[in-house]
Amino acid sequence: PLDTTIPDPALIVLIGAAGSGKSTWASTWPSTQVLELDQFRAMVSDDAGDQTATVSAAAVLHSVLEARLARKRTTVIDATNTEAHVRAGLLDVARSYGVPAVAFLVSTPADVCVQRQASRSPARAVPADVVRRQHAEAAAAAPHLHDEGFAHVLCADRTHRLELLLRRVSG
Ligand code: ATP
Ligand code: MG
């Protein structure tokens, strides 16, 4: 059966390559619930695409995440999250505050993710080989997300689009 469960509160971890549509999905949650890594990069460096700012940006993101989960506020992490160690860090925080974690896979085909980079500014475009690596990492991780510690594993699809849009309209 299709798992459409998103508990409240929850830590919702979006997982997908650059250009897969994570931020588009994230926009179906209230904006204050979404922590977008690009925004934290911009906050610490004035440049959302500056990869050298990632470690500092992730540290600030984590401290906001801790503050929110301490208050039991549903939080969405809008970042690629295709690397296991990145997810493990997020799962640790959720566990320590007793908040269930939900993996939300945005599994748009790799070719589409790559094509979408072409319409971005050069500063924001992610190289094709990086996009393909992220896509492969996400696909490889999918069967293991439950064992990693996610209480629910959801795949972005029309059912969720409809549900999330209805939630936005009614919420
Ligand atoms: P990044 O990791 O680089 O931030 P992302 O996963 O957040 O990427 P988005 O910015 O949400 O990706 O989407 C990439 C592009 O694809 C955007 O131009 C968006 O408008 C478009 N897009 C997203 N979802 C869809 C969809 N379901 N149908 C058509 N276009 C879409
Ligand atoms: Mg995005």
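Keep in mind that this is a model prediction, so the values were computed, not measured.

Trainee: What am I meant to see in the sheet that holds strand S3 (residues 75-78) here?
Mentor: Strands pair in a sheet through their backbones, by hydrogen bonds, and they do so in one of two ways: parallel or antiparallel. Taken in spatial order, the five strands make up an open sheet running S2-S3-S1-S4-S5, and their pairing is parallel. Taken across any chain shown, the strands that pair with only one partner, and hence form the sheet edges, are strand S2 (34-36) and strand S5 (152-155). The average undirected angle you get between the axes of adjacent strands in this sheet is 20°. Bridge analysis of strand S1 (residues 11-15) against S3 gives three bridges, and the strand direction is parallel.

Trainee: Looking at this model, I keep getting lost on the site of ligand 1. Mind explaining?
Mentor: By nearness alone, every residue bordering ligand 1 is listed as Gly-16, Ala-18, Gly-19, Ser-20, Gly-21, Lys-22, Ser-23, Thr-24, Asp-38, Thr-80, Arg-116 and Val-126. Considering every element that reaches the shell around ligand 1, the biggest residue donor is helix H1 (residues 22-26), with three residues. Looking at the shell around ligand 1, its residues break down into two nonpolar, seven polar and three charged.

Trainee: What exactly am I supposed to notice about the confidence of the model for the protein here?
Mentor: Low pLDDT means the predicted coordinates in that region are not meant to be read closely. Mean pLDDT for the protein: 93, with 89% of residues reaching 70 or above. On the interface metric, ipTM, the complex scores 0.91, and its pTM is 0.92.

Trainee: How should I be thinking about the nonpolar core in this particular structure?
Mentor: Burial of nonpolar side chains together is a common tendency in soluble globular proteins. Grouped together as the largest cluster of nonpolar side chains are 41 residues, with contacts concentrated most on Leu-11, Ile-12, Val-13, Leu-14, Val-102, Ala-103 and Phe-104. If sequence neighbours within four positions are ignored, Ala-103 has contacts with Val-13, Ile-15, Leu-145, Phe-150, Val-153 and Leu-154.

Trainee: Could you clarify how one ought to interpret the pairing of S3 in this entry?
Mentor: Both faces of the sheet carry side chains from a regular strand, because those side chains alternate between them. Burial of the side chains of S3 extends over both faces: Thr-75 and Ile-77 are buried on one face and Val-76 and Asp-78 on the other. Relative to S3, S2 runs parallel, the two sharing three bridges. The residue bridging Val-34 from the neighbouring strand is Val-76, located in S3.

Trainee: Help me understand the environment of Phe-104 in this model?
Mentor: Checked against the element boundaries, Phe-104 lands in strand S4 (residues 101-105). Since 26 C-beta atoms lie within 10 Å of it, Phe-104 is described here as buried. Not counting residues up to four positions away in its chain, the partners in contact with Phe-104 are Ile-12, Val-13, Leu-14, Ile-15, Leu-154 and Ala-156.

Trainee: Mind showing me how you'd approach unusual backbone geometry here?
Mentor: Excluding glycine, residues mostly have negative phi values, and the peptide bonds linking residues are mostly trans. Following Asp-8, the chain continues into Pro-9 via a peptide bond in cis, with omega recorded as 5°. The residue Pro-9 is located in the segment before S1 in this model. In this model, Asp-46 sits at a positive phi of 70°, which is unusual for a non-glycine residue. Residue class for Asp-46 comes out exposed when judged on the 9 C-beta atoms lying within 10 Å of it.

Rules behind the numbers
- All residue numbers here refer to positions counted from 1 along the written sequence of the relevant chain.
- Chain letters and ligand numbers both follow the written order, the letters beginning at A and the numbers at 1.
- With the structure being a predicted model, the display of local features is reserved for residues of pLDDT at least 70 and the display and counting of side-chain atom pairs for 80 or more, all residues being used for whole-chain, interface and lining totals.
- DSSP bridges decide pairing: two strands pair if at least two such bridges lie between them.
- For the purposes of this entry, the term helix denotes a DSSP run of H or I that reaches at least four residues, the term strand denotes a run of E that reaches at least two, and both are numbered from the N terminus.
- Axis definition: a line fitted to C-alpha atoms, limited for helices to the stretch in contact. Angles are taken between N-to-C directions and run from 0 to 180 degrees.
- Placing a C-beta atom from the backbone of each residue, we mark the residue near a molecule or strand if the atom is within 6 Å of it.
- Classification convention: Asp, Glu, Lys, Arg as charged; Ala, Val, Leu, Ile, Met, Phe, Trp, Tyr, Cys, Pro as nonpolar; all other residues, Gly among them, as polar.
- As a per-residue quantity, pLDDT reports the predictor's confidence and falls between 0 and 100.
- In this description, a nonpolar core means buried residues of the types Ala, Val, Leu, Ile, Met, Phe, Trp, Tyr and Cys, linked to one another by C-beta atoms lying within 7 Å.
- In this scheme every C-beta is placed from the backbone, and a residue whose C-beta has 20 or more other C-beta atoms within 10 Å is buried, one with 12 or fewer is exposed, and one in between is partly exposed.
- C-beta atoms are first placed from the backbone for all residues, and any pair lying within 7 Å is then listed as a contact.

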